[in-house]
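Each chain, written out:
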Amino acid sequence: MHSNDGPYLSVEDLVVHFPTADGIVKATDGLSFTLGRGKTIGVVGESGSGKSVSSSAILGLHRGSSAQVSGRIVLGGTDLLMLSDEEMRLRRGKEVSMIFQDPLSAMHPYYTVGNQIAEAYLVHNDVSKKAARARTLEMLERVGIPQPDRRIDDYPHQFSGGMRQRAMIAMGLINDPGLIIADEPTTALDVTVQAQILDLLQDLQREFNSAIIIITHDLGVVAEMADDVLVMYAGRAVEYGPTKDVLTHPQMPYTWGLLSSVPDVQGDTNAALIPIPGNPPSLLNPPTGCAFHPRCVHRSKVPADLCTTTLPELLPGSQGPGHTKRCHLADPDELYRTEILPEIMPDLIVED
Ligand SMILES: Nc1ncnc2c1ncn2[C@@H]1O[C@H](COP(=O)(O)OP(=O)(O)O)[C@@H](O)[C@H]1O
Ligand code: SF4
Ligand SMILES: [Mg+2]
C-alpha cells in the first residue's frame, strides 16, 4: 500500500503561520520528524506550544483558512501538502485520522453514535447502509463498548466520557488508517479510564500496525506509549529522540522542567513536583535567542549571552545522532546528574 523506501511518515521543516491583525502567529516553525508503521511518537509540551496546529496540518485542516503552511508532509511516499483539497479529503479519515481530546465536541449531538461511526465508513467505502452498520457494531465491540447492539443507537450524551472516547476511537479506526493522530485523547478522563484507553490504543495499534502520533502534556503517557518523543516549545522541537534516551538522559532545561513537574514518570514515588516557573511565551512575539530563556535558570551557565541572542540549533547531544536537543549548554549530562536528578529523584542518589 505504501512505498518501503524511507519512513512511513516524514514531516520536513513544517511551518504553520497565522497572519492576524496583530502580526504573524508562528504556531509551528520548522518542525521535522519521522515515524514508521507500528510506531508511536509522543509530542509533548505545555499548552500553546504548537502541538495541535502541527498535527492538524498533517490532516490538512488548515486548508481554506488564511494559514500559511510550508514544508513537506510525506505519508506513504506522497507529499500531502501537494495534494488538491479533494485528494486530501479522500485521504482524511481513511489514511490518516484524528482522535480528539473531547469527543463530545467532536461528535454531533443530534446524531446517534452508531450513525456517525457508520457515516465515517460510508464516506470512504462503497457499501450498503446495512453493511456499514454491521461494521460499526463490530468496531464498537472491538473497542470494548458493552452490549454494542443496544448502545449503537444512543446519542453521544448518553455515553460516559470513557465510552465516548472508545466510540471516537472506533470512528477513527473504522477505515483502518495507517496513521492515527490522538490529540490529548485521555486528558479529560480519570486515571483508571485513561489507562484503559491507552491500553486499547496500543492493542489496536498492534492489530492494525498503525503509526500513532500521540499529543499530550503528560510525560507519563509518553513513557508508557511512545517509541520516540518530540518535546515542543514555542512552535519548535527542543528535544527529540528515543523515549528511553530522552527520559533517562534529557539534554535540555525545558525537558528537565517537564520531567520535574510530573509525578512518577520513572515510577519513583518520592519524586518531587517542581513546576516550571513563568508562562509559555506568546507565539506572536516569541523571545529572541532560545525561546525558553526568560524561564531558564541555567542560562547564566552559557557564556556571552548566547541564550538571549542566538537560537540554538537542534543538534545531537552526548547520546548519539538519534537524540537531538536545542540548547547552548556545554555539558548537560553533568548538570542533570549533579543538579537536577538529586532534586527530582532523591531516592536514586546513593549516600556515601
Ligand atoms: N487559527 C489560528 N489563528 C491564530 N492563532 C492560532 C490559530 N490556531 C492556533 N493558534 C495559536 O497557535 C499556537 C499553538 O496552538 P496549539 O497548536 O493549539 O497549541 P497546543 O500545543 O496547546 O496544542 C497558540 O498560540 C494558538 O493561540
Ligand atoms: S539555550 Fe540557554 S536558555 Fe535555552 S534552554 Fe539552554 S541554557 Fe536555557
Ligand atoms: Mg492542543
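Residue indices follow the written sequence of each chain, beginning from 1 at its first position. Chain labels run from A onward and ligand labels from 1 onward, assigned in the order the entries are written. Where local features are concerned, this predicted model is filtered to residues with pLDDT of at least 70; where side-chain atom pairs are given and counted, the filter is 80 or more; whole-chain, interface and lining totals use all residues.

Heads up, the condition is: UniProt positions are given in the numbering used here, feature names are shortened, and annotations may be inferred rather than shown by experiment.
Per an unreviewed UniProt entry, the chain is named ABC transporter ATP-binding protein, and its organism is Nocardioides marmoriginsengisoli. Under the Sequence similarities (unreviewed entry) heading, UniProt states for the chain: "Belongs to the ABC transporter superfamily."

1. A closer look at the overall build of the chain
Stated formally: Put simply, DSSP marks the helices as runs of H or I at least four residues long and the strands as runs of E at least two long, and each gets a number from the N terminus on. Only C-alpha atoms enter the radius of gyration, while the globule expectation follows 2.2 Å times N to the 0.38, with N the number of residues. Three exposure classes are used, based on other C-beta atoms lying within 10 Å of a residue's own C-beta, which is placed from the backbone: buried for 20 or more, exposed for 12 or fewer, and partly exposed in between. A pair of residues counts as a contact when their C-beta atoms, built from backbone coordinates, are within 7 Å of each other.
Assigned secondary structure in the chain consists of 13 helices and twelve strands. Whereas a compact globule of 352 residues would reach a radius of gyration of roughly 20 Å, the chain reaches 21 Å, a difference of no more than 12%. With respect to the three principal axes, the spread of C-alpha positions in the chain is 70 × 45 × 40 Å. Within the chain, the fraction of its 352 residues that count as buried is 42%. For the chain, the proportion of contacts with a sequence separation of at least 24, taken over those separated by at least 6, is 65%.

2. Structural notes on the sheet that holds strand S5 (residues 78-79)
Which entries qualify depends on this criterion: Pairing between two strands requires that DSSP report at least two bridges joining them.
Strand order in this open sheet of four strands is S2-S1-S4-S5, and the pairing throughout is antiparallel. Each edge of the sheet is formed by a strand with only one pairing partner; in this case those strands are strand S2 (23-35) and S5. As judged from the seven bridges shared by strand S1 (residues 9-20) and strand S4 (residues 68-75), these two strands associate in the antiparallel manner. Bridge assignment links His 17 to a residue of S4, and that residue is Gln 68.

3. Some remarks on the environment of Leu 341
Following the sequence through the fold, Leu 341 ends up in helix H13 (residues 332-344). Residues Leu 341 and Leu 189, spaced 152 residues apart in sequence, show a C-alpha to C-alpha distance of 30 Å.

4. Description of unusual backbone geometry
Even without glycine at this site, Asn 209 takes up a positive phi of about 55°. Positionally, Asn 209 belongs in the loop between helix H8 (191-208) and strand S8 (211-216). Within the chain, Ala 234 stands out as a residue other than glycine whose phi angle is a positive 50°. With respect to the helices, strands and loops of the structure, Ala 234 is situated in the loop between strand S9 (228-233) and strand S10 (236-242).

5. Let's talk about the site of ligand 1
This is how the line gets drawn: The criterion for a residue being near a molecule or strand is a backbone-placed C-beta atom within 6 Å of that molecule or strand. Asp, Glu, Lys and Arg are counted as charged, while Ala, Val, Leu, Ile, Met, Phe, Trp, Tyr, Cys and Pro are counted as nonpolar; the rest, among them Gly, fall into the polar class.
Around ligand 1, 13 residues are found, and the nearest of them are Phe 18, Ala 27, Lys 51, Ser 52 and Val 53. Contributions of two or more residues to the shell around ligand 1 are made by S1, S2 and helix H1 (51-59). For the shell around ligand 1, the element with the highest residue contribution is H1, accounting for three residues. Residues of the shell around ligand 1, tallied by class, amount to five nonpolar, seven polar and one charged.

6. Things to note about the site of ligand 2
Around ligand 2 sit 15 residues, and of these Cys 290, His 293, Cys 296, Cys 307 and Cys 327 come closest. Counted by class, the shell around ligand 2 contains eleven nonpolar, three polar and one charged residues.

7. As for the packing of helix H7 (residues 161-173) against H8
Two measures define how a pair of helices packs: the angle their axes make with one another and the distance between the axes. Just so we agree on the cut-off: The axes used here are C-alpha line fits, helices contributing only the stretch in contact, and every angle between their N-to-C directions lies in the interval 0 to 180 degrees. Any angle that is under 35 degrees is reported as roughly parallel, and any over 145 degrees as roughly antiparallel; angles of 65 to 115 degrees are reported as roughly perpendicular and all others as oblique. With the far helix as reference, a near helix turned anticlockwise by less than a right angle produces a left-handed crossing, and one turned clockwise produces a right-handed crossing.
The contact between H7 and H8 brings their axes to 10 Å, and the two run at 15°. Taken together, the axes of H7 and H8 lie roughly parallel to each other. H7 and H8 meet at a crossing whose hand is right-handed. Counted together, Gly 162, Gln 165, Arg 166, Ile 169 and Leu 173 of H7 and Val 193, Gln 196, Ile 197, Leu 200, Leu 201, Leu 204 and Phe 208 of H8 form the full contact between these two elements. Partitioning the contact of H7 with H8 into residue classes produces eight nonpolar, three polar and one charged.

8. Comments concerning the sheet that holds S8
Read from one edge to the other, the open sheet built from eight strands follows the order S6-S7-S8-S3-S9-S10-S12-S11, with strand pairing classed as mixed. The sheet terminates laterally at strand S6 (96-99) and strand S11 (315-317), the two strands that pair on one side only. Adjacent strand axes in the sheet meet at a mean angle of 25°, parallel and antiparallel pairs treated alike. Bridge analysis of S9 against S10 gives six bridges, and the strand direction is antiparallel. Looking at S10, one finds that Val 231 is bridged to Glu 239. The sheet contacts of H7 involve S6 and strand S7 (179-183), and relative to S6 the element is tilted by about 175°.

9. Points about H8
The condition that has to hold: Take the residue count of a helix, subtract one, and multiply by 1.5 Å to get its expected span. Directions drawn from the helix axis to the C-beta atoms are what define this arc.
Across its 18 residues, H8 extends 26 Å between first and last C-alpha, which sits within 8% of the 26 Å expected from 1.5 Å per residue. Those residues of H8 that fall on the buried side of the exposure criterion are Gln 194, Ile 197, Leu 198, Leu 201 and Leu 204. All buried residues of H8 project into a common sector of 125° when viewed along the axis, lining one side. Set apart from the buried face of H8 by more than 90 degrees, the exposed residues are Thr 192, Arg 206 and Glu 207. On the buried face of H8, the contacting elements are H7, S7, S8 and helix H9 (219-225).

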